[in-house]
Amino acid sequence: MTIAFTVNARPVRFDGDPETPLLWVLRDHLGLTGTKYGCGIARCGACTVHLDGRNRRACVTPVTSVAGRQVTTIEGAAGPIADAVKTAWIASDTPQCGFCQPGQVMSAIGLLKRVSRPDDAAIDAGMAGNICRCATYQRIRKAIKDAAVTLDAKA
């Protein structure tokens, strides 16, 4: 079975088991290794991508469910919100080991698409399920708030 979908604005095809998790199609078949494997049960957030603009855990998403849809990975994250988040992440020296950061960044972008000026509660809710074993949660929160301020200033 051939499954056609779009990844980072590029049409792609996958000829394989339709139940293969999207994560493995991205990493093993398309060479997009920014999306990480953490837990395999959608609990850690390391595999967060955007599916039609919304956060999705790639480790539990069968590739068949993305047929005809748009997938964005950390490699393809672009635009004003993504740029503001990436800039804030660097300015706040957010990552420590960095393993979870692609998923954190993708979740933060998704959050700021929904909530332009999130308070702490909105950030906690929007980032729930994204685990950082280095516990950089304060820097993550600061980076999200800084990105929101930057976006407000440009509006």
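Residues numbered from 1 in each chain as written. Predicted model: local features only at pLDDT ≥ 70, side-chain atom pairs only at ≥ 80, totals over all residues. Heavy atoms only, no water.

A. View of helix α3 (residues 101–114). Taking 1.5 Å as the rise per residue, α3 with 14 residues should run 20 Å; its terminal C-alpha atoms sit 20 Å apart, in good agreement. In terms of residue burial, α3 counts as a mostly covered element, since twelve of its 14 residues are buried. Taken residue by residue, α3 has Q101, P102, G103, Q104, V105, M106, S107, A108, I109, G110, L111 and L112 as its buried positions. If you follow the buried residues of α3, they end up packed against β3 (48–51), β4 (54–57), β5 (70–72), α2 (80–91), α4 (120–126) and α5 (137–154). (Helix = DSSP H or I, 4+ residues; strand = E, 2+ residues; numbered from the N terminus. Expected span 1.5 Å × (residues − 1). Buried < 20%, exposed > 50% of the residue type's maximum accessible area, 1.4 Å probe, protein only. Contact = heavy atoms within 4.5 Å.)

B. Representation of the environment of D152 in the model. Inspection of the secondary structure puts D152 in helix α5. Sequence spacing of D152 and S116 is 36 residues, and the spatial spacing of their C-alpha atoms is 8.0 Å. Side-chain polar atoms of D152 contact the side chain of R117, separated by 2.4 Å. (Polar contact = N/O pair within 3.5 Å; in protein donor to acceptor, adjacent residues only side chain to side chain.)

C. Up close: unusual backbone geometry. Positive phi, normally seen in glycine, also occurs at N8, with a value near 50°. Within the secondary structure, N8 is located in the loop between β1 (2–7) and β2 (10–15). The phi angle at A135 is positive, at roughly 60°, despite the residue not being glycine. Relative to the helices and strands, A135 is located in the loop between α4 and α5. The exposure class of A135 is exposed, given its relative accessible area of 52%.

D. Fine view of the packing of aromatic side chains. With the rule as written, the count across this model stands at one aromatic pair. An angle of 35° between the planes, with centres 5.4 Å apart, marks the rings of W24 and Y37 as tilted. Of this pair, W24 sits in helix α1 (residues 22–29) while Y37 sits in the loop between α1 and β3, and the two are 13 residues apart along the sequence. Residue class for W24 comes out partly exposed when judged on its relative accessible area of 29%. (Phe/Tyr/Trp six-rings, centres within 6.5 Å; stacked < 30°, edge-to-face > 60°.)

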